[in-house]
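Descriptive structure summary
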Amino acid sequence: MPLAYPVRRPPVPVVAVLALAASLVSAALAGALPPLAATTLAGAAGCALASLRLSRLAAAGGQDRQAPHRRRAAALLDVAVAVVGMTVAVLPLAAVVRRTEVVAVGLGAATVAYGIGLLLLPGHSRLASRARLRRTVDTLGLGTALLFAGWVLLPPGPVPPVVRLVSVVGAGGLAGLLVGALADRRRRPGAALCRVGAAAVLLGLADLVVLLDYRAPESALLTAVPPLVGGALLTAAGMTRVSAGDARGGPGQPSAWPRVTAPAAVATGAALCHLAFVGSFTPTAVLLGLAVIPSLVGRELISAADNRQWARRLAAREAHFRTLVSGGRDLILLLDDELRVRWLSAAGERWFGLRDDEVCGLPLADLLHPDDVPDTLARLAAPPSDGAPPLLVARMRGGDGGWRETESTVSDQRGVPEVDAVVLHVRDVGERRRLERELRRVAATDPLTGLANRRELLRVLAERRGAPGALLLLDVHGLGPVNDGPGPVVGDAVLITAARRLRDVVGPRSLVARVSGEEFAVVTDAGPVPAYGLGGRLVAVLTEPCPVPGTMVRLRVSVGLAELAGAGPEDALRQADLARRRAVQLGRDRVEWYDAYLEEQLVRRLDLERELPGAAARGELDLVYQPVLALADRRPVGTEALLRWRSPVLGTVLPAELLPVAEDLGLVGEVGRWVLDRACRQLADWSTGGRELWMAVNVTPGELTAPDFLARVVAVLAGHGVPADRLVVEVGEPRLGADLSTVVARLAGLRSLGVRTALDDFRVEHASLAQLRRLPIDLLKVPPPPVMVDEPARPLIDVVVGLEERLGLTVVVEQMEHEPDVDRAVRAGCRYGQGFALARPATAERVEAYFEGFPSASR
């Protein structure tokens, strides 16, 4: 629909100036004021206000590319309006014989300023050759008609040269301005207003030239007031609109009839007035009148050619539309006000089997399934919304008598005279719906067992939210040896057997789902006590021997039970999973309830997850340091940085609880960067005192294998000026996963930088010495020797001590909590130790005070 501009009241200063001009003209007509004075005051007031508004626009800012052009155009239009105002203002001061020359000079200067200013207005576009021809013919036609009108309306007798020049040039200029304004009124309405204002102002000045040169009565000068005042204000209003963005008007081509009829109307009106008041025409007037005819004929020929071109385009578009409609598979129905079928497209017979003579005139309700009629008619009767067109889903009768599943979009075109109908675009979606149902079935079913899958389980739990019932989560143990031995095919057969047994026990009224590889779920309407009994029966039936080729498989089952009342899908699964984990911990082959203790553990975990993000930025992370001593003389050789989280909400949180949460939240890298930076900064502070100690920093395998880990270490060491050999990077041996090659590469990279590496929590009885040889490490941290150093334990101790010589490692005994642990380590030949029995972890200040007792502490 066309874009409508809001109706705005003119500004108060404009209303005041218009009222002043009207008052001055009225006073002059009443004889209370000389007409020349009234003309001067009214014109000067209008031009002064317009010049003030234009000067503000010329000084206004702007950041877009068109802003400089707008400012220059506003400045030149301001000059033009100011020239007009000064021209009118000095008239009473000029001699009577010089007034014509003064106005003529002002007219020329204003014309030049207006012309340049209008050319600088933004938004000009290069016209096509055909458009330029139309513009030229229109300008010639209107200019000739204006020249003829001005000529025949002049008083009889010789025409003064100034009047002749003003008539010829003014007619052409006015024609160009008006034709350009008419062409731009939609695309550039602000520029069009500026052109109309310029035409009005120049017409007013031309009127003054003619009247003054012919010594007309002073009262005639009042005819120049409306174009002068109105034109100046229109110029300022148009420039204001241009500066505000010159919003486009409604779409469409500009009308051609004003260009054709305006010249004829002007020439005809002027001729009739001349005949009525003067009589015969002079030869010059006759020639000017005849000169109007060729341009009118040319414009008619151009209009006829344009009409033929538009007719060809319209015919091509109609043929294109008919091709699209006849070749498409969508059925198009046109309905009248009573929702009767008025027309249907060719797809009706081709794809739906509906013939025109059978369908046209029928109510739409006769084509729809009776169950779908009320909803469809209600939606058609609903008021239209501003969003997407409504989508009607209904079953429609086909030519074979069957029902087609369809979707229809509705477009109310009753406001369009060429259509005057409700348009329905109907699409047969039966095949798509069948595929969607099949996809939903496949998406909700486990392909191996035929049970519902996790997605379907969550959907059922969501539907049952708030309803009584219970969820049992079953974990089947014992399939690992089957898959490793007889093979996964046999393992799949065991799972299928387990699924069949579950269905047989549960029955058809409850849902059985396979949640993951060896995990099943049962949703039952029974209360908690019957559900507990059902869980016991499921344990009994699943633990019965399952025959497979060549052997019998015995499974073990852990069942967690959670009530559904008041729990959402994820909450119910979480509660049942917590209960299942307890069943695993208590020995399996049992059913366990969810209770509040598990919830407390969960709340603690949620609190950790909520508070940990941003802890480093809030200054809640802290490091304590535990010295590493030489067992021979109890002197410190190094320290280990131990992380503490001083949470104001949760208290002090240790790494054993903090790091798993950080790993799940993806915050290990952030925490690790903070620890490395703080530890190296503290090591640099201690190094300034002459202590040659090393600092051990714990990292996770995930941190160690990060692509930027080595670069980060180099940057931190360089930033704090710490020698590389003073830093020890520790990684825990139990946490080394399958990506051992990447860990080895990172450790080797650290050693190439000069950083020492350590393997923490090394257990000789579980470790692989071959794997140990692969790891490029410098320090090995092991637990203290057993309490009884007897013959069975002696080989283990010998291995620990021998590693220092055979692999070139420095062995550190950690976790020495009591003095006997230290004595056993010394007797076993260990050189370095760490633990509460030697030195407790403490803040940097306390550790520094501890170091003061060892002036020559070194590594």
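Everything that follows concerns the structure shown earlier in this document.
Figured I'd write up the structure that's included with this text. What you see is a predicted model, and the numbers here were worked out from it, not measured in a lab. (Residues numbered from 1 in each chain as written. Predicted model: local features only at pLDDT ≥ 70, side-chain atom pairs only at ≥ 80, totals over all residues. Heavy atoms only, no water.)

Below, the discussion takes up the nonpolar core. Counting residues in hydrophobic clusters, the biggest one holds 70 residues, and the most contacted among them are Trp 645, Leu 727 and Leu 759. Broken down by element, the residue count for this core peaks at ten residues, all from helix α22 (residues 668–687). (Core = buried A, V, L, I, M, F, W, Y, C linked by side-chain atoms within 4.5 Å. Buried < 20%, exposed > 50% of the residue type's maximum accessible area, 1.4 Å probe, protein only. Helix = DSSP H or I, 4+ residues; strand = E, 2+ residues; numbered from the N terminus.)

Turning to the side chain of Arg 501, a few remarks are in order. Residue placement: Arg 501 occurs in helix α17 (residues 488–506). The side chain of Arg 501 sits in the buried core without any salt bridge; Glu 544 is the nearest counter-charge, 4.7 Å away. A polar contact is formed between the side chain of Arg 501 and the backbone oxygen of Glu 544, at a distance of 3.2 Å. Here Pro 545 takes part through its backbone oxygen, which lies 3.2 Å from a polar atom of the side chain of Arg 501. (Lys, Arg positive; Asp, Glu negative; His and termini not counted. Salt bridge = Lys/Arg side-chain N within 4 Å of Asp/Glu carboxyl O. Polar contact = N/O pair within 3.5 Å; in protein donor to acceptor, adjacent residues only side chain to side chain.)

Read across the sheet, five strands follow the order β2-β1-β5-β4-β3 without closing on themselves; strand pairing throughout is antiparallel. The open sheet is flanked by β2 (341–344) and β3 (391–397), the only strands paired with a single partner. Each strand axis lies, on average, 30° off the axis of its neighbour in the sheet, ignoring direction. Where strand β4 (residues 403–412) meets strand β5 (residues 422–428), seven bridges bridge the pair, whose relative direction is antiparallel. Counterpart to Ser 411 in the pairing with β5 is Val 423. On top of the sheet, helix α13 (residues 373–381) reaches β3, β4 and β5; it is set at about 140° to β3, its chief contact. Strand contacts of helix α14 (residues 430–443): β3, β4 and β5, with the helix running at about 115° to β4, the strand carrying the most contacts. (Pairing = 2+ DSSP bridges. Axes fitted to C-alpha atoms, helices over the stretch in contact; angles between N-to-C directions. Contact = heavy atoms within 4.5 Å.)

We now examine the sheet that holds strand β7 (residues 511–516). The strand order across the open sheet formed by five strands is β7-β8-β6-β11-β12, and the pairing between neighbours is mixed. Strand pairing shows two members of the sheet lacking a second neighbour, β7 and β12 (590–593), which therefore form its edges. Shown here is a sheet whose adjacent strand axes are inclined to one another by a mean of 25°, direction ignored. Across eight bridges, the pairing between strand β6 (residues 470–477) and strand β11 (residues 556–563) is antiparallel. Bridge pairing in β11 places Ala 470 opposite Glu 563. Set on the sheet, helix α15 (residues 454–463) makes contact with β6, β7 and β8 (519–524); between it and β7 the angle comes to about 130°.

Using the criterion set out here, one finds four aromatic pairs in the structure. Ring plane angle 70° and centroid distance 5.2 Å describe the contact between Tyr 625 and Trp 686, whose orientation is recorded as edge-to-face. Of this pair, Tyr 625 sits in strand β13 (residues 621–630) while Trp 686 sits in helix α22, and the two are 61 residues apart along the sequence. With a centroid separation of 5.4 Å and an interplanar angle of 80°, the aromatic rings of Trp 686 and Phe 851 are classed as edge-to-face. In this pair, Trp 686 sits in helix α22 while Phe 851 sits in helix α29 (residues 844–851), placing the two residues 165 residues apart along the sequence. With respect to class, Trp 686 is no different from Phe 851; both count as buried. Taken together through their ring pairs, the aromatic side chains of Tyr 625, Trp 686, Tyr 850 and Phe 851 make up a single cluster. (Phe/Tyr/Trp six-rings, centres within 6.5 Å; stacked < 30°, edge-to-face > 60°.)

Residues Arg 308, Arg 312, Arg 313 and Arg 317 make up a contiguous surface patch of positive charge. Within the secondary structure, Arg 312 sits in helix α10 (residues 283–327). When its relative accessible area of 54% is taken as the criterion, Arg 312 is described as exposed. (Patch = residues over 30% accessible without salt bridge, like charges linked within 9 Å, V, L, I, M, F, W, Y side chains within 5 Å. Areas by Shrake-Rupley, 256 points an atom, 1.4 Å probe, with all protein chains shown as cover. Charge placed at Lys NZ, Arg CZ, Asp CG, Glu CD.)

The next thing to look at is the pattern of salt bridges. Throughout the structure, instances matching the rule amount to 36 salt bridges. The residue Arg 432 makes a salt bridge to Glu 436 at a minimum N-O spacing of 3.4 Å. Highlighted residues: Arg 432 and Glu 436, both in helix α14, separated by four residues, approximately one helical turn. Of the residues examined, Glu 436 reaches a relative accessible area of 28% and is grouped as partly exposed. Between Arg 580 and Asp 475 there is a salt bridge, with its nearest N and O atoms 2.9 Å apart. Residue Arg 580 is located in helix α19 (residues 569–585), and its partner Asp 475 is located in strand β6; the two are separated by 105 residues in the primary sequence. Here the two residues Arg 580 and Asp 475 agree in accessibility, since each one is buried.

For the α-helix, the turn length of 3.6 residues means that residues three or four positions removed from each other point alike. With 25 residues, helix α7 (residues 189–213) extends 36 Å from end C-alpha to end C-alpha; this agrees with the ideal 36 Å at 1.5 Å per step. Of all 25 residues in α7, 20 are buried, a share of seventy percent or more. Of the residues trailing α7, Arg 215 is marked for its positive phi of about 55°. (Expected span 1.5 Å × (residues − 1).)

On to unusual backbone geometry, then. Glycine aside, residues mostly have negative phi, and peptide bonds are mostly found in the trans state. With phi around 60°, Leu 339 is a residue other than glycine that occupies positive phi space. Mapping Leu 339 onto the fold places it in the loop between β1 (331–335) and β2. Overall, Leu 339 belongs to the partly exposed group, its relative accessible area being 21%. For Gln 815, which is not a glycine, the phi torsion comes out positive at approximately 60°. Within the secondary structure, Gln 815 sits in the loop between β20 (810–813) and α28 (819–827).

Geometry of a packed helix pair, given as the angle between the helix axes and the separation of the axes. One way to put it is that helix α2 (residues 35–59) packs onto helix α3 (residues 67–89) with a least axis distance of 8 Å and a crossing angle of 165°. With respect to their mutual orientation, α2 and α3 come out roughly antiparallel. For α2 against α3, the interelement crossing comes out left-handed. Residue-level inspection shows Thr 39, Thr 40, Gly 43, Ala 44, Cys 47, Ala 50, Ser 51, Leu 54, Ser 55, Leu 57 and Ala 58 of α2 in contact with α3, the latter providing Arg 71, Ala 74, Ala 75, Leu 77, Asp 78, Val 81, Ala 82, Val 84, Gly 85, Val 88 and Ala 89. (Parallel < 35°, antiparallel > 145°, perpendicular 65-115°, else oblique. Left-handed = near helix turned anticlockwise from the far one by under 90°.)

Side chains of Val 286, Leu 287, Leu 290, Ile 293, Val 297 and Leu 301 sit close together on the surface and give an oily, nonpolar patch of about 570 Å² of accessible area. Mapped onto the elements of the fold, Val 297 is located in helix α10.

What follows deals with the pairing of β6. For a regular strand, side chains alternate in direction, first toward one face of the sheet and then toward the other. Burial analysis of β6 places eight of its eight residues in the buried class, the great majority of the element. Here β6 shows two buried faces, one formed by Ala 470, Leu 472, Leu 474 and Val 476 and the other by Leu 471, Leu 473, Asp 475 and His 477. Inspection of the sheet shows β6 paired to β8 by six bridges, in the antiparallel sense. Paired with Asp 475 across the two strands is Glu 519, which belongs to β8.

The next point concerns the environment of Pro 613. Position of Pro 613 relative to the elements: it lies in the loop between α20 (596–611) and β13. Sequence separation between Pro 613 and Ala 662 is 49 residues; the distance between their C-alpha atoms is 8.5 Å. Contacts of Pro 613, omitting those with residues within four sequence positions, involve Arg 618, Leu 665 and Leu 667.

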